[in-house]
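# What the coordinates show
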Amino acid sequence: MTSAGSTTVPAEVETPRDRDNHDAALAAAGDTEAFARLVARWQDRMLGLAWRFCRDRTMAEDMAQDAFVRAFRALPRFRADAAFGTWLTAIALNTYRTALRDRPPVPVVPLLASHAPVGAAGQTDGVAQREMAEIVRAQVLRLPDRYRTAMVLYYFQEQNVAETARILGVRVGTLKGRLHRGRQLLERRLRALGITDP
Amino acid sequence: MDELDRILGADDPLTPGSGFTARVMTAVRDVAAEEPPLPFPWARFAVGLAACVAAAFSIASFLSLVGAREALQVVAETPGVGEALMVAAISASVAQVFRNRARADF
């Protein structure tokens, strides 16, 4: 199903988006080498997003692989006027949510600064900060799905509200509402755990 | 809560393990090698639908012309209709028995 001559990118294909759309068109026609180039360009992002949803390396790789396979199947329906990254992220998001639906939530690691290796004070502080960051992230994953998805994707997209809303297929106002309520709930739960100022 | 933004924004990146790309592409090539799904038989569906509509229209026209009671009477008095209905019922019953037995064997 591959075409050997299709790896040459035309001169007019210059921007990353153009390259993606060009390869997506080739892959939709069955060129798996073109899809391999898309995988190479997007695997870090897809894996990173999967990791943020499950914090389990093996599962993240399985979910990212599944997302790429689904994207390959769906390529004939990809419209070139959309950004490939947005489209792919939306597919990945649905894949990850489905995969995680029946999975138990990530356990909250207790704050054990006293168990940190003995060393300089700054080193101990660093360990405590990392543990606290893990607790905060685990609590985000324990939020109800609509808040969890909004928050994880929003921070993954470097707090770009418009792009996050586009991927989720909701209005910006709806997304802002979910982020606000999710954050309120998160702060309440963190306070209950004794974390008042992460 | 700027610290919360910092924590949630900064996360250790996960680099793909060795062989990740190869595994993905193996799965993708398997998908590409699959037979394409059978298309829905729209032409046959349209013919069948048209035949059903025509049959329903014919029956409705017949009933409106002669009346429902009279139509039933005509059907009942037509020679062979009773036997035909009985044969159809027996055939359907026998077919159902075989179908159930086949399912049980499977």
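Given the structure is predicted, the values throughout are model-derived calculations rather than measurements. (Residues numbered from 1 in each chain as written. Chains lettered and ligands numbered in written order. Predicted model: local features only at pLDDT ≥ 70, side-chain atom pairs only at ≥ 80, totals over all residues. Heavy atoms only, no water.)

## Points about the overall build of chain B
The condition that has to hold: A helix here means a DSSP run of H or I that spans at least four residues, while a strand means a run of E at least two residues long, and both kinds are numbered starting from the N terminus. Working definition: with a 1.4 Å probe on protein chains only, accessible area under 20% of the residue-type maximum means buried, over 50% means exposed, and in between means partly exposed.
Counting secondary structure elements, chain B contains five helices and zero strands. When the helices and strands of chain B are read in sequence order from the N terminus, they spell out α-α-α-α-α. Going through the 106 residues of chain B one by one, you find that 13% of them count as buried.

## Observations concerning the overall build of chain A
The condition is simple: We call two residues in contact when some of their heavy atoms are within 4.5 Å. Values of accessible area rely on a 1.4 Å probe in the Shrake-Rupley scheme; residue burial ignores everything except the protein chains shown.
Per the secondary structure count, chain A includes eight helices and zero strands. Secondary structure elements in chain A, listed N-terminal to C-terminal, are α-α-α-α-α-α-α-α. Sorting the 198 residues of chain A into buried and exposed places 48% on the buried side. Residue pairs at least 24 apart in sequence account for 64% of intrachain contacts in chain A once pairs closer than 6 positions are excluded. Counting every atom, chain A has about 10200 Å² of accessible surface; 51% of that belongs to carbon and sulfur.

## A closer look at the packing of helix H1 (residues 16-28) of chain A against helix H2 (residues 32-54) of chain A
Residue and element names in this part refer to chain A. Spelled out, the test is: Angles run from 0 to 180 degrees between N-to-C directions of axes, and those axes are lines fitted to C-alpha atoms, restricted for helices to the stretch in contact. In what follows, roughly perpendicular refers to angles from 65 to 115 degrees, roughly parallel to angles under 35, roughly antiparallel to angles over 145, and oblique to any angle outside these ranges. By convention the crossing between two helices is left-handed if the near helix lies anticlockwise of the far one by an angle smaller than a right angle, and right-handed if it lies clockwise. Asp, Glu, Lys and Arg are counted as charged, while Ala, Val, Leu, Ile, Met, Phe, Trp, Tyr, Cys and Pro are counted as nonpolar; the rest, among them Gly, fall into the polar class.
It is at 8 Å that the axes of H1 and H2 come closest, and there the two elements cross at 140°. Relative to H2, H1 is oriented oblique. Between H1 and H2 lies a crossing of left-handed hand. Of the residues in H2, those touching H1 at Arg19, Asp20, Asp23, Ala24, Leu26 and Ala27 are Ala34, Phe35, Arg37, Leu38, Arg41 and Trp42. Class assignment of the residues belonging to the contact of H1 with H2 gives a composition of seven nonpolar, no polar and five charged.

## Thoughts on the interface of chain B and chain A
Here is the rule: Buried area is a sum: the accessible area each of two parts loses on coming together, probed at 1.4 Å, counted once for each and added. Every case where a carboxyl oxygen of Asp or Glu lies within 4 Å of a side-chain nitrogen of Lys or Arg is listed as a salt bridge.
Counting from both sides, the interface comprises 25 residues of chain B and, opposite them, 34 residues of chain A. Taking both sides of the interface into account, the surface hidden between chain B and chain A amounts to around 3000 Å²; carbon and sulfur atoms contribute 63%. The interface formed by chain B and chain A holds four salt bridges in total. A salt bridge links Arg183 of chain A to Asp5 of chain B; the shortest N-O distance between them is 2.8 Å. The element that contributes the greatest number of residues to the side of chain B that touches chain A is helix H2 (residues 20-33) of chain B, accounting for 10 residues. When grouped by side-chain class, the residues that make up the side of chain B that touches chain A number 14 nonpolar, four polar and seven charged.

## Notes on the pattern of salt bridges
Residue and element names in this part refer to chain B. Applying the stated criterion across every chain, the model contains 17 salt bridges over all chains. Where Arg6 meets Glu3, a salt bridge forms, and the shortest distance between an N and an O atom there is 2.6 Å. One end of the pair, Arg6, and the other, Glu3, are both in helix H1 (residues 2-9), three residues apart, so they sit about a helical turn from each other. Relative accessible area serves as the criterion here: at 44%, Arg6 is assigned to the partly exposed category.

## Considerations on helix H3 (residues 42-66) of chain B
Quick reminder of the rule: For a helix, the expected span equals 1.5 Å multiplied by the number of residues minus one.
For H3 of chain B, built from 25 residues, the straight-helix expectation of 36 Å at 1.5 Å per residue is met to within 8% by its first-to-last C-alpha distance of 36 Å. At the exit of H3 of chain B stands Gly67 of chain B, carrying a positive phi of roughly 90°.

## A look at the nonpolar core
The tendency in soluble globular proteins is for nonpolar side chains to be buried as a group. All names here are of chain A. Stated precisely, the cut-off is as follows: As used here, the term nonpolar core means buried Ala, Val, Leu, Ile, Met, Phe, Trp, Tyr and Cys residues forming a set that is joined through side-chain atoms within 4.5 Å.
Judged by nonpolar contacts, the single largest core of 71 residues is most densely connected at Phe35, Phe68, Leu75, Phe84, Trp87 and Tyr96. When residues in this core are grouped by element, the largest group, 13 residues, is from H2. Look past the residues within four positions of Leu75 in its chain and what remains in contact with it is Ala24, Ala27, Ala28, Phe35, Phe84 and Trp87.

## Some thoughts on the packing of aromatic side chains
Residue and element names in this part refer to chain A. How we decide: Stacked, tilted and edge-to-face are the three classes applied to pairs of Phe, Tyr and Trp rings, where Trp contributes its six-membered ring and a pair requires centres within 6.5 Å; stacked means planes under 30 degrees apart, edge-to-face means over 60, and tilted covers the rest.
Tallied over the full model, the rule gives 11 aromatic pairs over all chains. For the ring pair Phe35 and Phe72, a centre distance of 5.1 Å and an interplane angle of 70° mean the geometry is edge-to-face. With Phe35 in helix H2 and Phe72 in helix H3 (residues 57-74), this pair connects stretches of sequence that are 37 residues apart. When sorted by exposure, Phe35 lands in the same class as Phe72, which is buried.

## Remarks on H3 of chain A
In a regular helix each residue adds 1.5 Å, so 18 residues correspond to 26 Å; H3 of chain A covers 26 Å between its end C-alpha atoms and thus fits that length. Within the span of H3 of chain A, buried status applies to Met59, Ala60, Glu61, Met63, Ala64, Ala67, Phe68, Val69, Ala71, Phe72 and Ala74 of chain A. Buried positions along H3 of chain A lie against H1, H2 and helix H4 (84-100) of chain A together with H2 of chain B.

## Overview of a positive patch on the surface
All names here are of chain A. Rules: Two distance rules govern patches: like charges are joined within 9 Å, and nonpolar side chains (Val, Leu, Ile, Met, Phe, Trp, Tyr) within 5 Å, applied only to residues with over 30% relative accessible area and no salt bridge. None of His or the chain ends enter the tally, which takes Lys and Arg as positive and Asp and Glu as negative. To locate a charge, take NZ of a lysine, CZ of an arginine, CG of an aspartate or CD of a glutamate.
Together, Arg142, Arg188, Arg189 and Arg191 make up a region of like positive charge exposed at the surface. Along the chain, Arg142 falls in the loop between helix H5 (121-141) and helix H6 (145-156). For Arg142, a relative accessible area of 35% puts it in the partly exposed group.

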